[in-house]
Amino acid sequence: MRENGYSTHHVGKWHLGHCNSSYLPHNRGFDTFYGHTGGVLNYFQHNRAVGSCKYLDYFENDRPIDEKTGVYSTFDFGDHARKIYNKIDDPKFIYLALNAPHGPLMAPENMIDAMRQLYPDSPRTRLTYLAMVKAIDLEMEKLLGTIWMKNEKRDTIIATGFLIEITYFCFEDLRFY
């Protein structure tokens, strides 16, 4: 991508190695990395638990991010992707790998309550899952809206990864791959 003039950015879940910094996205071809390196993440505290040990797993490149504690990670990742889009004028490739709806099942209470209004007989686990999927929808809507507002449908590639599905957006003529 760089050879073709694109800046490259990974936002969200990186589950491809983190035992040393050489495995992290900003050392594997991405210009920037903002997210977490493991599979299971507390969506609000941004930590992982291995046995009785908890540790922060939220980074901007090599710098731990602790000032975002309490912010729902799906919203934070979407916000960061929009900031990259708005800040950089050259062609860009953004890989937005939202952790949702991967476990643990966590969502803002107001979103769970909204799902309860739609599906009053559903168990909390299903309502939480639905709220997580709704959070994905909201973030994608905001990102697409940002691109549309700038009227820049060319020279932007956004790849999103939800579990095993990857969707590529080509904004030149709004093709989805």
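Residues numbered from 1 in each chain as written. Predicted model: local features only at pLDDT ≥ 70, side-chain atom pairs only at ≥ 80, totals over all residues. Heavy atoms only, no water.

Draft legend 1. Fine view of the nonpolar core. In this structure, Val11, Phe77, Ile94 and Leu96 are the most contacted members of the largest nonpolar core, which totals 30 residues. With nine residues, the top contributor of residues to this core is helix α3 (residues 124–150). Apart from the residues within four sequence positions on either side, Val11 is in contact with Tyr34, Phe77, His80, Ala81, Ile84, Ile94, Tyr95, Leu96 and Ala97. In this structure, Tyr6, Leu24, Phe59 and Ala159 belong to the second largest nonpolar core, which totals eight residues. (Core = buried A, V, L, I, M, F, W, Y, C linked by side-chain atoms within 4.5 Å. Buried < 20%, exposed > 50% of the residue type's maximum accessible area, 1.4 Å probe, protein only. Helix = DSSP H or I, 4+ residues; strand = E, 2+ residues; numbered from the N terminus. Contact = heavy atoms within 4.5 Å.)

Draft legend 2. How the structure looks around the packing of aromatic side chains. Counted according to the given criterion, the structure contains eight aromatic pairs. Summarising the aromatic geometry, the rings of Phe44 and Tyr72 are spaced 5.1 Å apart at their centres and angled 40° between planes, so their arrangement reads as tilted. Here Phe44 is found in the loop between β2 (32–36) and β3 (47–50), whereas its partner Tyr72 is found in the loop between β6 (63–64) and α1 (73–87), with 28 residues between them in sequence. Both rings, one in Tyr72 and one in Phe75, keep their centres 5.2 Å apart while their planes meet at 70°; by these two values the pair is edge-to-face. Tyr72 gets classed as buried once you look at its relative accessible area, which sits at 3%. An aromatic cluster of at least three residues, connected via ring pairs, comprises Tyr43, Phe44, Tyr72 and Phe75. Lying over the aromatic face of Tyr85, Lys92 brings its terminal NZ or CZ to 4.8 Å of the ring centre. The ring of Phe75 has Lys142 sitting right over it, with the charged end atom 5.4 Å from the ring centre. (Phe/Tyr/Trp six-rings, centres within 6.5 Å; stacked < 30°, edge-to-face > 60°. Lys NZ or Arg CZ within 6 Å of the ring centre and 35° of its normal.)

Draft legend 3. Quick look at the pattern of salt bridges. The tally for this structure, following the rule as stated, stands at 10 salt bridges. The partner of Arg82 in a salt bridge is Asp79, with the nearest N and O atoms 3.7 Å apart. Taken as a pair, Arg82 and Asp79 lie in helix α1 at a separation of three residues, close to a single helical turn. Take Arg82: its relative accessible area is 12%, and that puts it in the buried class. We classify Asp79 as partly exposed; its relative accessible area is 26%. (Salt bridge = Lys/Arg side-chain N within 4 Å of Asp/Glu carboxyl O.)

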